[in-house]
Structure formats: structure tokens, C-alpha cells
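Structure assessment
What follows is the residue order along each chain.
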Amino acid sequence: MYTMEQAEQLAVDFLREASAGWDHPASLFQEDRYKAQKGEFFFFSYQSVKFLTTGDKKYLLYGAPAISVHGVTGECRFVSYQDLQAAGDPFNMW
């Protein structure tokens, strides 16, 4: 089973590779409230670096708001708001 720190590094690597061709580089949120574990999955929210540094909404990325990392296999994937709700609202958004 991966630890939170190991899963976070897997998410960082996944996001770096997946976002390589995007117009705006992306990064995980650093605040703990955007990191969670529910069952066998870890969840990490991300956003564009420009939004994270400026707070300017014109730099918001749209689409899947988070990455899930399976705690046993390490498999990473983007997850939707619906996926987050189905997982039991890991970030306590609702």
C-alpha cells in the first residue's frame, strides 16, 4: 500500500506527463485540504500554475478537477466531479 507522500509523487509525475502539451503548466494544490484518502484511493486536486500563483480566474483549467491514485497498484487517472461525489466527497466540497 502506498503512503500519502508516495501517492502524491505518483500524481505529480502523472500530471507532469499528461499536461506536457497544455497551454498552461499545471501543478497540484499544496494545501492539505486538496489531498485526501478514501478507501483504496488517494485524491489530489490540481490547477494551472498561473492560477495558483495569481488567483486570476482567467487562468483556471476546466475539466477533470482531480487525480486519483490507487493505493495498491499506483494507477493514476483524472477524475470528474461525479467521480469525486461517488467516492464520498473526499475534499468535503458538498
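Placed above this text is the structure.
Attention here is on the structure that accompanies the text. Counting restarts for each chain, with residues numbered from 1 along the sequence as it is written. Predicted model: local features are reported for residues with pLDDT of at least 70 only, side-chain atom pairs are reported and counted for 80 or more only, and whole-chain, interface and lining totals are derived from all residues. Side-chain measures were taken over the full set of non-hydrogen atoms in the model, leaving aside hydrogen atoms and water.

For the rest of this paragraph, the subject is the pattern of salt bridges. The rule for a salt bridge is simple: a side-chain nitrogen of Lys or Arg has to be within 4 Å of a carboxyl oxygen of Asp or Glu. In total, this model carries four salt bridges according to the counting rule given. For the salt bridge of arginine 16 with aspartate 13, the shortest nitrogen-to-oxygen distance reads 3.2 Å. One end of the pair, arginine 16, and the other, aspartate 13, are both in helix H1 (residues 4-18), three residues apart, so they sit about a helical turn from each other. Accessible area is worked out with a 1.4 Å probe on protein chains only. A residue is then buried under 20% of its type maximum, exposed over 50%, and partly exposed in between. For aspartate 13, a relative accessible area of 33% corresponds to the partly exposed category. Across the pair aspartate 32 and lysine 35 runs a salt bridge whose closest N-O atoms are separated by 4.0 Å. You can call aspartate 32 exposed: its relative accessible area is 61%. Given a relative accessible area of 18%, lysine 35 falls into the buried group. A network of salt bridges, in which partner residues are shared, links Glu8, Asp32 and Lys35. Elements are defined by DSSP. Helices are runs of H or I of four residues or more, strands are runs of E of two residues or more, and each kind is numbered from the N terminus.

A few words on the pairing of strand S4 (residues 66-70). By the criterion of burial, S4 is predominantly enclosed, with five of the five residues buried. By the alternation rule, side chains of S4 split into Ala66, Ser68 and His70 and Ile67 and Val69, which are all buried. Strands are labelled as partners when DSSP assigns at least two bridges between them. Strand direction decides the pairing type here: strand S3 (residues 41-48) and S4, joined by five bridges, are antiparallel. Bridge pairing links phenylalanine 41 to histidine 70 in S4. Both S4 and strand S5 (residues 76-79) contribute to a ladder of four bridges, which runs antiparallel. The residue bridging isoleucine 67 from the neighbouring strand is phenylalanine 78, located in S5. Between the antiparallel neighbours S4 and S5 lie five residues, among them glycine 74 with a positive phi of about 80°.

A few words now on the layout of surface pockets. Computed from the structure, the largest pocket encloses a volume of approximately 320 Å³. With a 1 Å grid laid over protein atoms only, a set of points is called a cavity when a 1.4 Å probe fits there but cannot get out and a pocket when it is open yet has protein on both sides within 12 Å along at least five of seven lines; lining residues have an atom within 4 Å of a point. As for the largest pocket, its lining consists of 17 residues, of which Phe29, Ser45, Gln47, Pro65 and Tyr81 are closest to the centre. With three residues, S3 is the single largest residue contributor to the lining of the largest pocket. In terms of residue class, the lining of the largest pocket is built from 13 nonpolar, three polar and one charged. Grid points are joined across faces, edges and corners, and a volume is the space filled by probe spheres set on the points. Gly counts as polar in this scheme, as do all residues outside two lists: the nonpolar Ala, Val, Leu, Ile, Met, Phe, Trp, Tyr, Cys and Pro, and the charged Asp, Glu, Lys and Arg.

Soluble, globular proteins show a tendency: their nonpolar side chains are buried together. Among buried residues, those of type Ala, Val, Leu, Ile, Met, Phe, Trp, Tyr and Cys that are joined through side-chain atoms within 4.5 Å constitute a nonpolar core. Ala7, Ala11, Leu15, Ala26, Leu28, Phe42, Phe44, Tyr46, Ile67, Val69 and Cys76 form the largest nonpolar core, which has eleven residues in total. Among the elements of the structure, H1, strand S1 (26-28), S3 and S4 are those that each provide at least two residues to this core. Contacts were defined at the residue level, with two residues in contact if any of their heavy atoms lie within 4.5 Å. With near-sequence residues (within four places) excluded, valine 69 lies in contact with Ala7, Leu10, Ala11, Glu40, Phe41, Phe42, Phe44, Gly74, Glu75 and Cys76. By size, the runner-up hydrophobic cluster in this structure holds six residues, among which are Ala36, Phe43, Leu84 and Phe91.

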